[in-house]
Amino acid sequence: MTTIDSPTAVGSGNAATDKFKGARFTADTSPERLSAIATEALAGLSALIHRHAVTYPEYRVLKQWLIEVGEGGEWPLLLDVFVEHDIEEVNSTRFRGTKGSIEGPYYVPGAPELPAQCTLPMRDEDRAHTALVLRGRVTDLDGAGLGGAIIELWHADDEGYYSQFAPHLPEWNLRGTIVTDSEGRYEITTIQPAPYQIPTDGPTGQFIEGAGWHPWRPAHLHLRVTSPGKQPIITQLYFAGGDWIDDDVATATKPELLLDPRLDDTGRKVVSYDFALDPEAD
Ligand SMILES: [Fe+2]
């Protein structure tokens with residue numbers, strides 16, 4: 001039963017699907033390219049069916065499960081956890097700036113605009129957790145500061161829930177659109193996020209449990225950094241030494257994206273991170 005204190009996978013999943021369906025996407029894919037990709041995908045599937053001698057009961061369970069993934073609104077979750085990291089990897093090889101990572105299903109545009117030095121919107125119960133101060137600069141590849149650059153930051157609360165995907169949270173909790181100062185600097189105060197499990201009460205969770213895998217993601221911040229004429233960066237920042245860093249269910253960590261905060265004398269965790277943006281690609 002859904003309660004205000006326990007958002008469900010289906011609630012979270014349907015919110016993710018509804019937000020995704022709100023936009024219409026197109027891709028400039030030729031029939032030849034579509035045919036080549038689809039042929040290889042089907043050939044790969046054919047090969048594994050033969051290699052593992054997949055049975056009719058297994059085939060029927062697969063069909064039933066695929067239907068449930070759709071009805072539960074979990075396609076964004078499933079694809080972003082298991083597939084997006086490869087898409088990100090092949091599309092970022094030509095860039096020299098800050099490493100990207102997967103966007104995941106929980107980005108929402110239009111978070112409240114905040115000045116370069118700011119605190120993310122949060123509840124009193126969020127403030128009870130360790131404060132985290134993330135500061136640094138947004139620059140071009142030569143290190144020149146990019147004034148007026150936009151940093152969109154979103155992350156889960158201490159229980160692993162994202163605002164707008166869990167009905168008990170205020171609309172913009174732990175989300176903000178930060179504008180760098182004239183020299184590209186920023187200083188954002190938020191809270192230290194915790195590792196979280198991706199939703200386990202829906203078909204994605206059933207699949208993970210059935211396969212004997214785990215559903216954990218390491219603690220992370222999501223960021224989208226943009227500046228006119230520059231290639232946007234979508235990435236995540238993680239915490240050195242944290243749980244699940246080397247065993248992320250979404251395979252989305254990178255050594256270049258690890259933070260190592262230090263405690264200051266007021267008990268806050270403080271860390272610097274600079275973002276370098278490539279020139280805008282064609
Ligand atoms: Fe996340």
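Preceding this section is the structure that the text describes.
I will try to describe carefully the structure that is included in this document. Numbering of residues starts from 1 in every chain and runs along the sequence as written. Reporting of local features is limited, given that this is a predicted model, to residues whose pLDDT is at least 70; pairs of side-chain atoms are given and counted only at 80 or more, and all residues count toward the totals for whole chains, interfaces and linings. Side-chain metrics in this entry use all non-hydrogen atoms of the structure; hydrogen atoms and water are not considered.

## So, the pairing of strand β3 (residues 131-140)
Right, on to step 1. Remark: exposure states derive from per-residue accessible area (1.4 Å probe, protein chains only) relative to the maximum for the residue type, with buried under 20%, exposed over 50%, and partly exposed in between. We count a stretch as a helix when DSSP gives it H or I for four or more residues in a row; a strand needs E for two or more, and each element gets its number in order from the N terminus. Of all 10 residues making up β3, 7 are buried, and the element is well covered by its neighbours.
Right, on to step 2. In this sheet, strand β6 (residues 185-191) lies alongside β3 in antiparallel orientation, the contact comprising 7 bridges. Opposite G136, over in β6, you have Y186 as the bridge partner.
Right, on to step 3. Note: β3 against strand β13 (residues 269-272), 4 bridges, orientation parallel. Looking across to β13, one finds that L134 is bridged to V271.
Right, on to step 4. Any two strands are treated as partners once DSSP identifies two or more bridges connecting them. As paired strands, β3 and strand β14 (residues 275-277) are joined by 3 bridges and run parallel to one another. Its bridge partner lying in β14, T139 is registered against A276.

## Describing the coordination of the iron ion
Right, on to step 1. Donor atoms are limited to N, O and S found within 2.8 Å of the metal ion, a distance that becomes 3.2 Å for Na, K and Ca. With water left out, some sites might look partial. For the iron ion, the full set of protein donor atoms is Y162 (OH), Y196 (OH), H220 (NE2) and H222 (NE2), and the range of their distances to it is 1.8 to 2.2 Å.
Right, on to step 2. Angle rules define the geometry names used: all angles between 85 and 135 degrees makes four donors tetrahedral, while opposite donors over 155 degrees apart and all other angles between 65 and 115 make four donors square planar and six octahedral, leaving every other case irregular. Note that the iron ion binds 4 donor atoms; their angles at the metal cover 92 to 167 degrees, and the shape is irregular.
Right, on to step 3. Read N to C, the donor residues that coordinate the iron ion are spaced as Y-x33-Y-x23-H-x1-H. Of the two residues, Y162 sits in the loop between β4 (150-154) and β5 (175-179) while H220 sits in strand β9 (residues 220-226), which places them 58 residues apart along the sequence.
Right, on to step 4. According to the relative accessible area criterion, H220 is buried, its value standing at 2%.

## Observations regarding the environment of S272
Right, on to step 1. Following the sequence through the fold, S272 ends up in strand β13.
Right, on to step 2. When the C-alpha positions of S272 and R123 are compared, they lie 25 Å apart, and in sequence the two are 149 residues distant.
Right, on to step 3. When checking whether two residues touch, look at their non-hydrogen atoms; a contact exists if any pair is within 4.5 Å. The residues contacting S272, other than those within four sequence positions of it, are R135 and L259.

## As for unusual backbone geometry
Right, on to step 1. Its identity is not glycine, yet Q164 carries a phi of approximately 75 degrees, on the positive side.
Right, on to step 2. Topologically, Q164 is positioned in the loop between β4 and β5.
Right, on to step 3. Residue classification places Q164 among the buried residues on the basis of a relative accessible area of 19%.
Right, on to step 4. We note that T251 has phi near 50 degrees; this positive angle belongs to a residue other than glycine.
Right, on to step 5. By the element assignment, T251 lies in the loop between β10 (233-239) and β11 (258-259).

## Describing the pattern of salt bridges
Right, on to step 1. Here, a salt bridge means any Lys or Arg side-chain nitrogen found within 4 Å of an Asp or Glu carboxyl oxygen. According to the stated counting rule, one finds 11 salt bridges in the structure shown.
Right, on to step 2. Ionic pairing is found between E88 and K254, a salt bridge with its closest N-O pair at 2.8 Å. In this pair, E88 sits in helix α5 (residues 84-92) while K254 sits in the loop between β10 and β11, placing the two residues 166 residues apart along the sequence.
Right, on to step 3. E88 gets classed as buried once you look at its relative accessible area, which sits at 13%.
Right, on to step 4. Residue D126 is joined to R123 by a salt bridge in which the shortest nitrogen-to-oxygen separation is 3.0 Å.
Right, on to step 5. With relative accessibility at 1%, the residue D126 sits in the buried group.

## Quick word on the pairing of β5
Right, on to step 1. Buried residues dominate β5, accounting for 4 of its 5 residues.
Right, on to step 2. The pairing of strand β1 (residues 113-114) with β5 spans 2 bridges and is classified as parallel. Among the inter-strand pairings, L114 is bridged to a residue of β5, identified as I178.
Right, on to step 3. Where β4 and β5 come together, 5 bridges link them in antiparallel fashion. Residue E152 lies in a different strand from β5, and its bridge partner there is T177.

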